Amino acid sequence: MKSTNKAHCFGGVLEFFEHASETTQTPMRFAVFLPPQAKQSKVPAVFWLSGLTCTEENFMQKAGAQRVAAELGLALIAPDTSPRGAGIPGETDSWDFGVGAGFYVNATQAPWSKHYRMYDYVLHELRTLVLKNFPIDGNRIGISGHSMGGHGALVLGLRNPDIYQSISAFAPIAAATQCPWGQKALRNYLGEDPQAWKAYDASQVLKTTQFRKEVLVDQGSEDKFIKVDLMPEKLEAAAKSIEFPLKLRYQAGYDHSYYFVSTFIEDHLRFHWKHLTNS
């Protein structure tokens, strides 16, 4: 693991890293913000998963999250959205599949299965690496994300309640098996059997999850992707069917951009802090 950039920010430190990943068998990049409280003791952390076309830099540059994280004493970890440099033919042909679009799944279909294993990378390798090298409390970890990353945060969080103590999302792809973005990715990464796709569909996973804490989701009412690719109503219906404590907020006038994310990121970080510290 090597540092590629470092900056002081709100009394804490923002640093970018690259390492050789065993999971993806490629170099992987991620960013870490450590609040000033990390100088004295281990702190809780929120993993942030970004959306299509993003890297480990987008959230740290655009969300404005560091000020509140520094106040609360929350670490922030943001991985890249896919392997890069795998050299798979066609992996850079589409903006919504391949490079920058790993969809946080473990691919089972060749040639993607060798490298595109973002689910295991986030859940196991990156988490282990971060806990080994930074003053972060492994028993107080939350997960959040935007769009494709919101899908990833919901799926990872709901499937692993022993790992993640808090979950939130911004404009998530809520029903990946039923929308064009999700169907394209799941078909190519997982094959033609729709039954295999359900493990990566947030609205399906929610129906069987053992996670029972409140989950916060914000969705902009003017998001151009809301009807075709995001489908928040599917997540809402799944939650109602099992009386799950989903807090889905429709934010009037907001779109899909980081202007939307930056407006409500403070609410989300305070939500995570409350659940990670029971305060």
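Residues numbered from 1 in each chain as written. Predicted model: local features only at pLDDT ≥ 70, side-chain atom pairs only at ≥ 80, totals over all residues. Heavy atoms only, no water.

Q: Looking at this structure, how should I read the overall build of the protein chain?
A: Within the protein chain one finds ten helices and nine strands. Put simply, of all contacts in the protein chain between residues at least 6 apart along the chain, 72% involve residues at least 24 apart. Summed over its atoms, the accessible surface of the protein chain is roughly 11,200 Å², and 48% of this surface lies on carbon and sulfur atoms. (Helix = DSSP H or I, 4+ residues; strand = E, 2+ residues; numbered from the N terminus. Contact = heavy atoms within 4.5 Å. Areas by Shrake-Rupley, 256 points an atom, 1.4 Å probe, with all protein chains shown as cover.)

Q: Sorry if this is basic, but what is going on with the layout of surface pockets here?
A: A probe as big as a water molecule, rolled over the atoms, marks out the empty space that is left. As a volume, the largest pocket reaches approximately 200 Å³. The wall of the largest pocket is formed by 14 residues, among which Leu52, Thr53, Cys54, His146 and His256 lie closest to the centre. (1 Å grid on protein atoms, 1.4 Å probe; cavity = no way out; pocket = protein on both sides within 12 Å on 5 of 7 lines; lining within 4 Å. Points joined across faces, edges and corners; volume = space filled by probe spheres on them.)

Q: Before we go on, may I ask you to explain empty space enclosed by the protein in this structure?
A: Overall, the coordinates contain one cavity of 30 Å³ or more when judged by the stated rule. Of the pockets and cavities examined, the largest cavity occupies roughly 30 Å³. If you go around the largest cavity, the residues you meet are Val46, Trp48, Phe59, Leu76, Ser144, Ile265, His268, Leu269 and His272. Elements with a minimum of two residues in the lining of the largest cavity: β4 (43-49) and α10 (258-277). When residues of the lining of the largest cavity are assigned to their parent elements, the largest contribution, four residues, is made by α10. The residue makeup of the lining of the largest cavity, split by class, is six nonpolar, three polar and no charged. (Nonpolar A, V, L, I, M, F, W, Y, C, P; charged D, E, K, R; others polar.)

Q: I tried to follow the sheet that holds strand β2 (residues 12-20) on my own but got confused; where do I start?
A: Sheets are built from strands paired through backbone hydrogen bonds, the pairs being either parallel or antiparallel. Spatially, the nine strands line up as an open sheet ordered β1-β2-β3-β5-β4-β6-β7-β8-β9, and their pairing is mixed. Both outer strands of the open sheet, β1 (2-9) and β9 (246-251), are each paired with one neighbouring strand and no more. Each adjacent strand pair in this sheet contributes to an overall mean axis angle of 20°, direction not counted. The sheet contact formed by strand β6 (residues 136-145) and strand β7 (residues 166-170) spans two bridges and is parallel. (Pairing = 2+ DSSP bridges. Axes fitted to C-alpha atoms, helices over the stretch in contact; angles between N-to-C directions.)

Q: Whenever I open this one, the packing of aromatic side chains confuses me. Can you help?
A: Aromatic rings in a pair are described by how distant their centres are and how their planes are angled relative to each other. Overall, the coordinates contain 16 aromatic pairs when judged by the stated rule. Put simply, the rings of Trp48, Phe59, Phe170, Tyr254, Phe260 and Phe264 pair up and form one aromatic cluster. Over the ring of Tyr200 we find Arg159, and its NZ or CZ is 5.1 Å from the ring centre. (Phe/Tyr/Trp six-rings, centres within 6.5 Å; stacked < 30°, edge-to-face > 60°. Lys NZ or Arg CZ within 6 Å of the ring centre and 35° of its normal.)

Q: Is there a simple way to think about helix α5 (residues 180-190) in this case?
A: Residues that lie three or four places apart on an α-helix share one face, since the helix turns once every 3.6 residues. Restricting attention to buried positions, one finds in α5 the residues Trp181, Gly182, Ala185, Leu186, Tyr189 and Leu190. Burial along α5 is one-sided: seen end-on, the buried residues are contained in an arc of 105°. Those residues of α5 hidden inside the fold are in contact with α6 (194-197) and α8 (226-230). Just beyond α5, the residue with positive phi is Gly191, at close to 100°. (Buried < 20%, exposed > 50% of the residue type's maximum accessible area, 1.4 Å probe, protein only. Arc of directions from axis to C-beta.)

Q: I'm lost on unusual backbone geometry in this one. Help?
A: Glycine aside, residues mostly have negative phi angles, and peptide bonds mostly take the trans form. At the junction of Ala110 and Pro111, the peptide bond is cis and its omega measures out at 0° in the coordinates. When you line up the elements, Pro111 lands in the loop between β5 (75-79) and α3 (118-133). For Phe10, which is not a glycine, the phi torsion comes out positive at approximately 50°. Looking at the element boundaries, Phe10 is found in the loop between β1 and β2. Here Glu243, not a glycine, exhibits a phi torsion of approximately 55°, which is positive. Note that Glu243 resides in the loop between α9 (232-241) and β9. Relative accessible area serves as the criterion here: at 74%, Glu243 is assigned to the exposed category.

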